[in-house]
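Structure at a glance
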Amino acid sequence: AQSVAQPEDQVNVAEGNPLTVKCTYSVSGNPYLFWYVQYPNRGLQFLLKYITGDNLVKGSYGFEAEFNKSQTSFHLKKPSALVSDSALYFCAVRGLPGAGSYQLTFGKGTKLSVIP
Amino acid sequence: DVKVTQSSRYLVKRTGEKVFLECVQDMDHENMFWYRQDPGLGLRLIYFSYDVKMKEKGDIPEGYSVSREKKERFSLILESASTNQTSMYLCASSLGNLVEQFFGPGTRLTVL
């Protein structure tokens, strides 16, 4: 079974500082990894994904994530945090495509607060 | 842009009522999904569908059923609503296996 862990329920960072939101995963075979963001009372918005190729993936709003196979991690990063980045962030994983394997497994979410 | 719409943003129902949550996507996506979101539990998959009239159980299908009669529409049905089904319900769609899912705005359901 595949699983995702987001070890921090909340991350606080000062505006202008770099931010990291952590994610580790467990899956059979090669992973397909995603980050989503959710603003209050809204649905989830896609930020970025890793399927194959370069381990550093760039996404929307200046976010990037680094795939580390040996550590089974896919941490979300941004060089300089904005107050508007304050939101709930979800990491998700799926394993090898195949019959019936359409399912994404989500982490429990990390609340990011950027302090002015 | 892909648009996924859900019939209601907020819904209040009574215990025992039959509840229908509707989801429509406008991009001819094959796959559609229903999740529920609860604080501290993240998103949990209820049901998904990879084609018209096809459905697969997710992690927590008990107490729910689904219907997909047309490609663009995926309905979630609570046969007899209970208070433990009070939650945020999110619908999503995707074109294939390796691409991202697009989410609707969610329906916050309260069962009294």
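What comes next is a walk through the structure. Going along each chain's sequence as written, the residues are numbered from 1 onward. Key to labels: chains lettered from A, ligands numbered from 1, both in the order written. This being a predicted model, a pLDDT of at least 70 is required before a residue's local features are given, and a value of 80 or more before pairs of side-chain atoms are given or counted; all residues contribute to the totals for chains, interfaces and linings. As a rule here, side-chain values come from all non-hydrogen atoms in the structure, and water together with hydrogens is ignored.

1. Structural notes on the layout of surface pockets
Here the term cavity refers to a set of points on a 1 Å grid, laid over the protein atoms alone, in which a 1.4 Å probe fits but cannot get out; the term pocket refers to an open set having protein on both sides within 12 Å along at least five of seven lines, with lining residues being those that place an atom within 4 Å of a point. Grid points are joined across faces, edges and corners, and a volume is the space filled by probe spheres set on the points. In this structure, the largest pocket encloses a volume near 540 Å³. If you trace the largest pocket, you find 21 residues lining it, with Q38, L88 and F90 of chain A together with Q37 and P39 of chain B closest to the centre. Strands here are runs of E lasting at least two residues and helices are runs of H or I lasting at least four, both read from the DSSP assignment and numbered beginning at the N terminus. Looking at the lining of the largest pocket, the elements with two or more residues in it are β10 (87-94) of chain A together with β4 (31-38) and β9 (87-94) of chain B. Ranked by the residues each element gives to the lining of the largest pocket, the list is headed by β10 of chain A, at three residues. Gly falls in the polar group here, along with every residue not listed as nonpolar (Ala, Val, Leu, Ile, Met, Phe, Trp, Tyr, Cys, Pro) or charged (Asp, Glu, Lys, Arg). Split by residue class, the lining of the largest pocket holds seven nonpolar, eight polar and six charged.

2. Overview of the sheet that holds strand β7 (residues 64-70) of chain B
Residue and element names in this part refer to chain B. Being paired, for any two strands, means DSSP has found at least two bridges between them. With antiparallel pairing, four strands are arranged side by side in an open sheet as β1-β3-β8-β7. The open sheet has two free edges, formed respectively by β1 (4-6) and β7, since each of these has just one partner strand. Neighbouring strand axes in the sheet, compared pairwise and without regard to direction, differ in orientation by 20 degrees on average. Note that β1 and strand β3 (residues 19-25) share three bridges and pair antiparallel. Bridge assignment links T5 to a residue of β3, and that residue is V24. A fitted line through C-alpha atoms serves as each axis, taken over the contacting stretch for helices, and the angle formed by two N-to-C directions is quoted from 0 to 180°.

3. Concerning the side chain of Q38 of chain A
Position of Q38 of chain A among the secondary structure elements: in strand β5 (residues 32-38). Overall, the relative accessible area of 8% leaves Q38 of chain A in the buried class. Any pair of N or O atoms that falls within 3.5 Å is considered a polar contact. Within protein, one atom must be able to donate a hydrogen and the other to accept it, and sequence-neighbouring residues count only if both atoms are side-chain atoms. At a separation of 2.7 Å, a polar atom in the side chain of Q38 of chain A contacts the side chain of Q37 of chain B. Leaving out residues up to four positions away in the same chain, Q38 of chain A has contacts with G43, L44, A87, L88 and F90 of chain A together with Q37 and L90 of chain B. For each residue, the accessible area found with a 1.4 Å probe, counting protein chains only, is set against the maximum for its type, and the residue is called buried under 20%, exposed over 50%, and partly exposed in between. Residue contacts are counted whenever heavy atoms from the two residues lie within 4.5 Å of one another.

4. Let's talk about the pairing of strand β6 (residues 44-50) of chain A
All names here are of chain A. The pairing of β5 with β6 spans six bridges and is classified as antiparallel. Counted as the bridge partner of Y36 is F46 from β6. The turn joining β5 and β6, which pair antiparallel and follow one another in sequence, is formed by five residues; a positive phi near 60 degrees is taken by N41.

5. Quick notes on the pairing of strand β12 (residues 110-115) of chain A
All names here are of chain A. Two strands pair when backbone bridges link them, and strand β2 (residues 10-14) and β12 are joined in this way by five bridges, in the parallel orientation. Bridging from a neighbouring strand, A14 pairs with I115 of β12. Bridge analysis of β10 against β12 gives three bridges, and the strand direction is antiparallel. Within β12, the position partnered with Y89 by the bridge is T110.

6. Thoughts on the state of the cysteines
Residues and elements named next belong to chain B. When the sulfur atoms of two cysteines come within 2.5 Å, that pair is taken as a disulfide. As enumerated under the stated definition, the model contains two disulfides over all chains in all. Here C23 is linked by a disulfide to C91, with a sulfur-sulfur distance of 1.9 Å. Here the disulfide of C23 and C91 is left-handed, its torsion about the S-S bond being about -80 degrees. Here the residue C23 occupies a position in strand β3, and C91 occupies one in strand β9, the gap between them amounting to 68 residues.

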